[in-house]
Amino acid sequence: MDCDMTSDMSPTCAWSEPEWSSASRRAFLRTASGATVMALLGITATGCSDGNPTGAEPPEEPAEDGPAGIMVDGNQVILDLTSDATEDLTTQGGFLLIDEADVMAINVDGTTIRAFTSVCTHQQCTINAFADDTFMCPCHGSEFDTQGEVVAGPAPQPLTEYDVSRSDDTVTITK
Ligand code: FES
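Draft legend 1. A look at the environment of D133. Position of D133 relative to the elements: it lies in the loop between β9 (129–131) and β10 (134–136). Sequence separation between D133 and Q147 is 14 residues; the distance between their C-alpha atoms is 9.7 Å. The contacts of D133, once residues within four sequence positions are left out, are F144, D145 and T146.

This is how it looks when you write it as structure tokens:
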């Protein structure tokens, strides 16, 4: 803004636009979201109907669901062992990969379930197989035992193990 301070009463000011080329203005408008433009213009949407006429807080985001029987809720994965999706975990050697949470679980002895990160400690591939008491990474062949320890490289670190609690047919894994 340019102001003429020589006036006897009040300064006379003239608005001068920022020196944007029309190309940069177009680029800005293309990339700025509608909300950003409205915010810059001082426009709020409080007067608009958003389908919530009471103004009450919206409900919390629902938990992220995987297949039926697998629920990911924040740092917890809750498994219903009566569902088809988790039935592999009910027998010794059973393996379940829960992609939604980067978690894998195994039944080590018929009753005990252990859970680990499914992210390989080498280059973060998803470990997706379990056989002969060994987790196997498909990318470069790293292998881990049922304690999460490296039994074949190149993985440099063991897998992070998560807490598992069980109440009847409900298993809760806490990351
Ligand atoms: S990322 Fe798993 S072995 Fe390389």
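Here the narrative resumes.
Draft legend 2. Region of the structure containing unusual backbone geometry. A cis amide bond links G153 to the next residue, P154, at an omega of 15 degrees. Structurally, the position occupied by P154 is in the loop between β12 (150–152) and β13 (161–167). Residue Q124 is not a glycine yet carries a positive backbone phi of 65 degrees. Tracing the backbone shows Q124 in the loop between β8 (113–117) and β9. For Q124, a relative accessible area of 51% gives the class exposed. Phi angles above zero are rare outside glycine, and D132 is one such case at about 50 degrees. One can find D132 in the loop between β9 and β10.

Draft legend 3. Focus on the pattern of salt bridges. Per the stated rule, a full pass over the model turns up one salt bridge. Note that R114 and E161 form a salt bridge whose closest N and O atoms lie 2.8 Å from each other. Taken together, the positions of R114 in strand β8 and E161 in strand β13 put the pair 47 residues apart, joining distant regions of the chain.

Draft legend 4. Geometry of the side chain of T172. Here T172 lies in strand β14 (residues 170–174). The exposure class assigned to T172 is buried, which follows from its relative accessible area of 17%. With residues near it in sequence (within four places) discarded, T172 still touches Q76, V77, I78, D163, V164 and S165.

Draft legend 5. How the structure looks around the packing of aromatic side chains. Here the structure, examined in full by the defined rule, presents four aromatic pairs. Considering the side-chain rings of F116 and F135, the 5.5 Å spacing of their centres and the 65 degrees angle between planes classify their relative orientation as edge-to-face. Here F116, found in strand β8, pairs with F135, found in strand β10; they are 19 residues apart in sequence, far enough to count as distant. The class of F135 is buried, set by a relative accessible area of 0%.

Draft legend 6. View of the side chain of S142. Along the chain, S142 falls in the loop between β10 and β11 (143–144). A distance of 2.8 Å separates a polar side-chain atom of S142 from the backbone nitrogen of A155. Leave out the neighbours within four places in its chain, and S142 touches C120, H122, F135, M136, C137, A152, G153, P154 and A155.

The rules behind these values
Residues numbered from 1 in each chain as written. Predicted model: local features only at pLDDT ≥ 70, side-chain atom pairs only at ≥ 80, totals over all residues. Heavy atoms only, no water. Helix = DSSP H or I, 4+ residues; strand = E, 2+ residues; numbered from the N terminus. Contact = heavy atoms within 4.5 Å. Buried < 20%, exposed > 50% of the residue type's maximum accessible area, 1.4 Å probe, protein only. Salt bridge = Lys/Arg side-chain N within 4 Å of Asp/Glu carboxyl O. Phe/Tyr/Trp six-rings, centres within 6.5 Å; stacked < 30°, edge-to-face > 60°. Polar contact = N/O pair within 3.5 Å; in protein donor to acceptor, adjacent residues only side chain to side chain.

Take it as geometry only, folks, not as evidence of what the structure does.
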